[in-house]
Amino acid sequence: EFAAVYTKVVKQTLGSNQPYPKRESGKLIESFNIVIENQNGNDVIVIKAEPYYKFVDKGVSGTIRKYNTPYSYKVKKPPIQAIINWVQLKGKPEESVFPIRNKIFRFGIAPTNFIGNALKEVDRLRKTGIFEDSISKDIIDMAKKTFKVK
């Protein structure tokens, strides 16, 4: 049950992440799924999602603005096709692609921390007794360790 509840809360968090909800195309929200797999005799929490979820969650430092994240732009700029797709989705003029790309390269992408925020919400709900004992403190602790959430 933890995986299903956590997936639902993550999707809600992504869709309501203020001030910039991460639901432009809905692709990330639709792709997001948490599963618990047994690997070498140990249960582990695995995120199945679009590969860029890490950058949305942890952010990316630019060449000028830095964030507390393992990801950064140094030489290689953001992928042009992703920006073209976003510009088309938003109905912005085509000539805005390169200025947007350069701005992201210099100023980065602010972290949303949606994975940790959702985990904190699931833990809060667990403490209210809403899940009875189906979501234990142990699984919350395992998720916090996996996702490095304090």
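Above this text you will find the structure in question.
Residues numbered from 1 in each chain as written. Predicted model: local features only at pLDDT ≥ 70, side-chain atom pairs only at ≥ 80, totals over all residues. Heavy atoms only, no water.

Enquirer: Quick one: what's the story with the overall build of the chain, residue by residue and with numbers?
Expert: Each helix and strand in the chain was counted, giving seven helices and two strands. Counting helices and strands in the order they occur from the N terminus, the chain gives α-α-β-β-α-α-α-α-α. Expressed as a percentage of contacts within the chain between residues at least 6 apart in sequence, the contacts between residues at least 24 apart total 57%. As displayed, the chain offers around 9,600 Å² of accessible surface, 52% of which is attributable to carbon and sulfur atoms. (Helix = DSSP H or I, 4+ residues; strand = E, 2+ residues; numbered from the N terminus. Contact = heavy atoms within 4.5 Å. Areas by Shrake-Rupley, 256 points an atom, 1.4 Å probe, with all protein chains shown as cover.)

Enquirer: Mind laying out the packing of aromatic side chains, listing which residues take part and the relevant values?
Expert: One pass over the full model with this rule turns up four aromatic pairs. With a centroid separation of 5.8 Å and 75° between ring planes, the pair formed by Phe32 and Phe114 is classed as edge-to-face. You can see Phe32 sitting in the loop between helix 2 (27–31) and strand 1 (33–39) and its partner Phe114 sitting in helix 6 (residues 114–127), a full 82 residues away along the chain. Among the residues examined, Phe114 registers a relative accessible area of 0% and is labelled buried. Each residue in the set Phe32, Tyr53 and Phe114 is aromatic and connected to the rest through ring pairs, giving one cluster. Directly above the aromatic system of Phe105 lies the positively charged group of Lys77, at a separation of 5.4 Å from the ring centroid. (Phe/Tyr/Trp six-rings, centres within 6.5 Å; stacked < 30°, edge-to-face > 60°. Buried < 20%, exposed > 50% of the residue type's maximum accessible area, 1.4 Å probe, protein only. Lys NZ or Arg CZ within 6 Å of the ring centre and 35° of its normal.)

Enquirer: If you had to explain the pairing of strand 2 (residues 42–48) to someone new, which residues and values would you point to?
Expert: Taken together, the seven bridges between strand 1 and strand 2 define a ladder with antiparallel strand orientation. Looking at strand 2, one finds that Gln39 is bridged to Asn42. Taking the residues between adjacent antiparallel strands as the criterion, strand 1 and strand 2 are bridged by two residues, where Asn40 takes a positive phi near 55°. (Pairing = 2+ DSSP bridges.)

Enquirer: Hey, could you go over the nonpolar core for me, with residue numbers and the actual values?
Expert: In globular proteins that are soluble, nonpolar side chains generally tend to be buried together. Formed by 22 residues in total, the largest nonpolar core has its most connected members in Phe2, Tyr6, Phe32, Ile34, Ile115 and Phe147. The set of elements that each furnish at least two residues to this core consists of helix 1 (2–16), strand 2, helix 3 (53–58), helix 6 and helix 7 (137–147). With six residues, helix 1 is the largest single contributor of residues to this core. Contacts of Ile34, omitting those with residues within four sequence positions, involve Ala3, Tyr6, Thr7, Ile45, Val46, Ile47 and Phe147. (Core = buried A, V, L, I, M, F, W, Y, C linked by side-chain atoms within 4.5 Å.)

Scope: geometric values only; no functional claims are made or implied.
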